[in-house]
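Each chain, letter by letter, is given below.
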Amino acid sequence: MTADLFESIGSAGPAEEAMTDGARLLRGFARAIDGELIAAIDAIVAQSPFRRMFTPGGHQMSVAMTNSGSLGWVSDRSGYRYDAIDPTTGKPWPAMPSIFRKLAGEAAAQAGFAGFRPEACLINRYEPGTKLSLHQDRDEKNYDQPIVSVSLGLPAIFLWGGLKRADKTVRYRLGHGDVVVWGGPSRLVYHGVAPLADGEHARLGRRRINLTFRRAR
Ligand code: MD3
Ligand code: FE
């Protein structure tokens, strides 16, 4: 992985070059297929609705979530895990649409991870004020596999820290259609999302939706 991290198609600001090794920002990579992505999300949400899960500590998350794929990320009082069954519906999560697989595979390949075949797509919904506290993603079995993230709708300030929670964070703006591939040395970095600023997006209104594609097992 190259050191000119967050190398971007389009606009690479000076802050982007200062980022940690192992992540790659593909600015606007998903923009041309945004309508198809939003239609696919609507179909998933019609089967497995957005819900605000509880953390093992008993706090309700402000981000609303659902999943598609053979496994979905869930959190409740007993912990965080990947499960084939949606606990809200008692049924399997909706299948991962082929447009999702194709996008995730192409983005990963572009960032140097050929053959990425995610089995889980976590769908996060942010409304004004919604935030995601600093955390690591460590519920997956294999940290050699990257995570691909797709941002849609209102822009968010993404917080990017280090391998320790107390490490200082830098901020990046992730906008509609931006795709980030996180792997290698960046895979276990602490990260989060600042409270979403209010606004109106032409396609999604007062919302931001983020897709994260993972290999969970
Ligand atoms: C860096 N989601 O779902 S996406 C998450 O915008 C999550 O909804 C955020 O963090 C969101 O766990 C951030 C970008 C992202 C996703 C996974 C990562 C960055 C990551 C895993 C490791 C390092
Ligand atoms: Fe995360």
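Since this is a predicted model, take the numbers as computed values, not measurements.

### Some points on the confidence of the model for the protein
So, step 1. In the predicted model, the protein carries a mean pLDDT of 91, and 91% of its residues have values of at least 70.
So, step 2. A low-confidence stretch, residues 1-19 (pLDDT under 50), is modelled with 44 contacts involving residues beyond four sequence positions or located in other chains.

### So, the site of ligand 1
So, step 1. The environment of ligand 1 is made up of 19 residues, and the closest members are Asn 124, Tyr 126, Trp 182, His 191 and Arg 208.
So, step 2. Tyr 126 is positioned with one of its side-chain polar atoms (N or O) 2.5 Å from an oxygen atom of ligand 1.
So, step 3. Arg 208 places a polar side-chain atom, nitrogen or oxygen, 2.7 Å from an oxygen atom of ligand 1.
So, step 4. If ligand 1 stood free it would expose 500 Å²; the protein chains cover 98% of that surface.
So, step 5. Contributions of two or more residues to the shell around ligand 1 are made by strand S5 (120-126), strand S6 (132-135), strand S7 (147-153), strand S8 (156-160), strand S11 (191-193) and strand S12 (208-214).
So, step 6. Top element by residues in the shell around ligand 1 is S12. It accounts for 4 residues.
So, step 7. Grouping the constituent residues of the shell around ligand 1 by class yields 8 nonpolar, 7 polar and 4 charged.

### A short note on helix H2 (residues 34-47)
So, step 1. Here H2 contains 14 residues, and its C-alpha end-to-end distance of 20 Å stays within 8% of the 20 Å for a straight helix at 1.5 Å per residue.
So, step 2. Residues of H2 that are buried include every one of Asp 34, Leu 37, Ile 38, Ala 40, Ile 41 and Ile 44, and no others. Projected onto a plane normal to the axis of H2, the buried residues spread over an arc of 160° and lie on a single side. Turned more than 90 degrees from where H2 packs its buried face, Ala 46 and Gln 47 sit exposed.
So, step 3. Of the surrounding secondary structure, the elements contacted by the buried residues of H2 are strand S2 (64-69), helix H3 (98-110), S5, S7 and S12.

### A few points about the packing of H2 against H3
So, step 1. Running from amino to carboxyl end, H2 crosses H3 at an angle of 130°, the nearest separation of the two axes being 9 Å. Between H2 and H3, the crossing angle belongs to the class labelled oblique. Considering how the two elements wind past one another, H2 and H3 form a crossing that is left-handed. Facing Glu 36, Leu 37, Ala 40, Ile 41 and Ile 44 of H2, the residues of H3 in contact are Ile 99, Phe 100 and Leu 103.
So, step 2. Partitioned by chemical class, the residues of the contact of H2 with H3 number 7 nonpolar, no polar and 1 charged.

Rules used throughout
- Residues numbered from 1 in each chain as written.
- Chains lettered and ligands numbered in written order.
- Predicted model: local features only at pLDDT ≥ 70, side-chain atom pairs only at ≥ 80, totals over all residues.
- Heavy atoms only, no water.
- pLDDT = per-residue confidence, 0-100.
- Contact = heavy atoms within 4.5 Å.
- Near = heavy atom within 4 Å.
- Polar contact = N/O pair within 3.5 Å; in protein donor to acceptor, adjacent residues only side chain to side chain.
- Areas by Shrake-Rupley, 256 points an atom, 1.4 Å probe, with all protein chains shown as cover.
- Helix = DSSP H or I, 4+ residues; strand = E, 2+ residues; numbered from the N terminus.
- Nonpolar A, V, L, I, M, F, W, Y, C, P; charged D, E, K, R; others polar.
- Expected span 1.5 Å × (residues − 1).
- Buried < 20%, exposed > 50% of the residue type's maximum accessible area, 1.4 Å probe, protein only.
- Arc of directions from axis to C-beta.
- Axes fitted to C-alpha atoms, helices over the stretch in contact; angles between N-to-C directions.
- Parallel < 35°, antiparallel > 145°, perpendicular 65-115°, else oblique.
- Left-handed = near helix turned anticlockwise from the far one by under 90°.

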